[in-house]
Amino acid sequence: MEFILKGITNNQLLEGLKLSSVSQYTFDLRPKSFNFTQAYNIKNLITNNPQSTRYSLWFENEKDFIITELYNDIKSSLKEQDQLLLEFSGETSLADLEKFELPYIWHYHAGEKIKNISFCKNLKRIVFHHADLEEYHRGGELHGFFNLFSDYTNKIYFEIQANWDSQIILSIFDFFTIPMLSFEINSQVELSYQNPDVELIKQHLLNLENLFENKE
């Protein structure tokens, strides 16, 4: 299982988790987010941590020219261009996201027809929120929901974004190969505002590693 941490704003996590199973860090460029950070800070963080880590830039209902400008600016700080992905939540259609002609991650929402995934050439990963999956699970609809995506499992990765206190539904991982589990930095794992508790996060990820190892 690979882990992704979202909402990185400073060096503490990047330094403290170098040897962990975190495979990607996400920078939040949604202006109303508590984890919003500016491009200059993102470029400094990437420059100060030159290891070949994957990053994503998280946008929501943002103007196209702003996305393109920020992507190109931040990409210039990377040694390997394929290290950087765009990430989108919100209501922007898949058709409009495809117009960037750049690899991207998409947060699933019911407003988009699942069949439209068939027309996507740049979609690399779909994010499902654990809280939504819990609703399907309670209604006995989880297996049927995932079956709707069975035609796309060969070309697109799946990610589940959970809360820190989520009781992970392990049966989800029996339906499909889901290699990625993500968490967003928030007050549950902060000592103070934008001051993450690195040891608490490391322990949480270690507990999850053990959980999945025992499951196997």
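Above this text is the structure in question.
As the structure is a prediction and not an experimental result, all values here were calculated from the model. (Residues numbered from 1 in each chain as written. Predicted model: local features only at pLDDT ≥ 70, side-chain atom pairs only at ≥ 80, totals over all residues. Heavy atoms only, no water.)

Asks: Please explain the environment of Ile74 as it appears in this structure.
Replies: Considering the arrangement of structural elements, one finds Ile74 in helix α3 (residues 64-75). The buried category is assigned to Ile74, whose relative accessible area is 0%. For the pair formed by Ile74 and Ile105, sequence separation is 31 residues and the distance between their alpha carbons is 17 Å. Look past the residues within four positions of Ile74 in its chain and what remains in contact with it is Leu29, Ala39, Ile42, Lys43, Ile46, Leu57 and Leu84. (Helix = DSSP H or I, 4+ residues; strand = E, 2+ residues; numbered from the N terminus. Buried < 20%, exposed > 50% of the residue type's maximum accessible area, 1.4 Å probe, protein only. Contact = heavy atoms within 4.5 Å.)

Asks: I would appreciate a short explanation of the environment of His107 in the present structure.
Replies: Examined against the element boundaries, His107 turns out to sit in strand β5 (residues 104-107). Accessibility expressed as a relative area gives 3% for His107, which makes it buried. A C-alpha to C-alpha distance of 7.9 Å links His107 and His129, two positions 22 residues apart in sequence. Not counting residues up to four positions away in its chain, the partners in contact with His107 are Lys6, Trp58, Glu87, Phe88, Ser89, Val127, His129 and Gln161.

Asks: Can you help me understand helix α8 (residues 198-215) in this one?
Replies: The periodicity of an α-helix, 3.6 residues per turn, causes residues three or four positions apart to be oriented the same way. Taking 1.5 Å as the rise per residue, α8 with 18 residues should run 26 Å; its terminal C-alpha atoms sit 26 Å apart, in good agreement. Looking only at α8, the buried set comprises Val198, Ile201, His204, Leu205, Leu208 and Phe212. Within α8, the buried residues cover an arc of 130° as seen down the axis, which keeps them to one side. Seen from the open side of α8, the exposed residues pointing more than 90 degrees away from its buried face are Glu199, Glu213 and Asn214. The inward-facing, buried residues of α8 abut β1 (2-6), α1 (11-16), β2 (22-28), α7 (172-175), β8 (180-184) and β10 (195-196). (Expected span 1.5 Å × (residues − 1). Arc of directions from axis to C-beta.)

Asks: Help me understand the sheet that holds strand β3 (residues 54-60) in this model?
Replies: Where strands meet in a sheet, backbone hydrogen bonds hold them as pairs that are either parallel or antiparallel. Strand order in the closed barrel formed by 8 strands is β1-β2-β3-β4-β5-β6-β7-β8, with parallel pairing between adjacent strands. Neighbouring strand axes in the sheet, compared pairwise and without regard to direction, differ in orientation by 25° on average. With 5 bridges connecting them, β1 and β8 associate as parallel partners. Bridge pairing in β8 places Leu5 opposite Phe183. Sheet contacts for α3: β3 and β4 (84-89); angle to β4, the most-contacted strand, approximately 150°. (Pairing = 2+ DSSP bridges. Axes fitted to C-alpha atoms, helices over the stretch in contact; angles between N-to-C directions.)

Asks: Explain the pairing of β3 here, please?
Replies: Side-chain direction in a regular strand flips from residue to residue, so the side chains alternate between the two faces of the sheet. Of all 7 residues in β3, 5 are buried, a share of seventy percent or more. For β2 and β3, the ladder comprises 5 bridges, and the chain directions are parallel. Residue pairing for β3: Asp28 is matched across the bridge by Trp58. Pairing of β3 with β4 involves 6 bridges; the strand directions are parallel. What sits directly across from Tyr55, in β4, is Leu84. Assessed by its sense of winding, the connection that carries the chain from β3 through α3 to β4 is right-handed. (Right-handed = clockwise from strand over helix to strand, strands pointing away.)

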